[in-house]
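Structural characterization, general
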Amino acid sequence: QVQVVESGGGLVQPGGSLRLSCTASGNVVGVNSMGWYRQGPGKQRDVVAVSASGGRTAYADSVKDRFTISRDNANNTVYLQMNSLKLEDTDVYYCYALVITRPDNRNLGVWGQGTLVTVSS
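What comes next concerns the included structure.

Cut-offs applied
Residues numbered from 1 in each chain as written. Predicted model: local features only at pLDDT ≥ 70, side-chain atom pairs only at ≥ 80, totals over all residues. Heavy atoms only, no water. Helix = DSSP H or I, 4+ residues; strand = E, 2+ residues; numbered from the N terminus. Rg over C-alpha atoms; globule rule 2.2 N^0.38 Å. Disulfide = S-S within 2.5 Å. Buried < 20%, exposed > 50% of the residue type's maximum accessible area, 1.4 Å probe, protein only. Contact = heavy atoms within 4.5 Å. Pairing = 2+ DSSP bridges. Axes fitted to C-alpha atoms, helices over the stretch in contact; angles between N-to-C directions. Phe/Tyr/Trp six-rings, centres within 6.5 Å; stacked < 30°, edge-to-face > 60°.

Counting secondary structure elements, the protein contains 0 helices and 11 strands. In the protein, the succession of α and β elements from N to C terminus is β-β-β-β-β-β-β-β-β-β-β. Against the 2.2 N^0.38 benchmark of 14 Å for 121 residues, the protein shows a C-alpha radius of gyration of 14 Å, consistent with a compact globule. Principal-axis analysis of the C-alpha atoms places the extent of the protein at approximately 50 × 25 × 25 Å.

Okay, structure coming up:
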C-alpha cells in the first residue's frame, strides 16, 4: 500500500502566499518524480510544476516566477511554494508521485486526494 497525502491548502488574499506539502509513504523505497497539478470544476487536470529525478524542474507558464517546487528526498516529500497568488489560482491542487515500491522495486503512479486553494479578497 502506498499513500500520497497533501496538506497546506486554504484561503488567502490576492498577492498572498501558501505552501503546499505532499508526502508519499507506505511500501515506498524511493520516488522518481513528484509533481503538482490543479483542477477546477468541470475542467481538466493541468500540470502546475514537476520535479523529476536528478533535480530537474518544470513549470506551467502561468506560474513561472511565482511558484517554486522543491523536494526532500529523504522523506519522500515535495513542496510547492506559491507566491503572488492570483484569483485564477483558485483550484483543487493534487500531488502525483511516481514511486518505487517495496519489495518488488516497480514504478507506481499515485495521486493524492487533493487540497483546496482559494484566492479571494
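The structure having been displayed, the exposition proceeds.
Before going further, it helps to examine the state of the cysteines. Enumeration over the complete set of coordinates arrives at 1 disulfide. Here Cys 22 connects covalently by a disulfide to Cys 95, the sulfurs 2.0 Å from one another. Given an S-S torsion of about -80 degrees, the disulfide between Cys 22 and Cys 95 has left-handed geometry. Of this pair, Cys 22 sits in strand E3 (residues 18-26) while Cys 95 sits in strand E9 (residues 91-101); the two residues are 73 residues apart in sequence, bridging distant segments of the chain. Each member of the pair, Cys 22 as well as Cys 95, is classed as buried.

Attention now moves to the environment of Val 119. If you trace the backbone, Val 119 turns up in strand E11 (residues 115-119). According to the relative accessible area criterion, Val 119 is buried, its value standing at 4%. Along the sequence, Val 119 and Leu 87 sit 32 residues apart, while their C-alpha atoms lie 5.0 Å from each other. Ignoring sequence-local partners within four residues, the contact set of Val 119 consists of Val 12, Gln 13, Pro 14, Leu 85, Lys 86, Leu 87, Asp 89 and Thr 90.

This brings us to the sheet that holds strand E7 (residues 67-72). Read across the sheet, 4 strands follow the order E1-E3-E8-E7 without closing on themselves; strand pairing throughout is antiparallel. Looking at strand neighbours, the two that pair on one side only are strand E1 (2-7) and E7, the edges of this open sheet. Mean inter-strand twist for the sheet, computed between neighbouring axes without regard to direction, equals 15 degrees. Here 6 bridges tie E3 to strand E8 (residues 77-82), and the two strands are oriented antiparallel to one another. By the bridge assignment, Leu 18 is partnered in E8 with Met 82.

A few words on the packing of aromatic side chains. One pass over the structure, following the stated rule, counts 3 aromatic pairs. Consider the rings of Tyr 37 and Tyr 96, whose centres lie 6.4 Å apart with planes at 80 degrees: the pair is edge-to-face. Residue Tyr 37 is found in strand E4 (residues 28-39), and its partner Tyr 96 is found in strand E9; the two are separated by 59 residues along the sequence. Its relative accessible area of 23% is what places Tyr 96 among the partly exposed residues. Residues Tyr 96 and Trp 111 carry aromatic rings whose centres are separated by 4.9 Å and whose planes lie at 55 degrees to one another, so their mutual orientation is tilted.

Let us look at the pairing of E1. Residues Val 2, Val 4 and Glu 6 of E1 are buried on one face, while the alternating residues Gln 3, Val 5 and Ser 7, pointing to the opposite face, are not. Here E1 runs beside E3; their pairing, made up of 6 bridges, is antiparallel. Among the inter-strand pairings, Val 4 is bridged to a residue of E3, identified as Ala 24.

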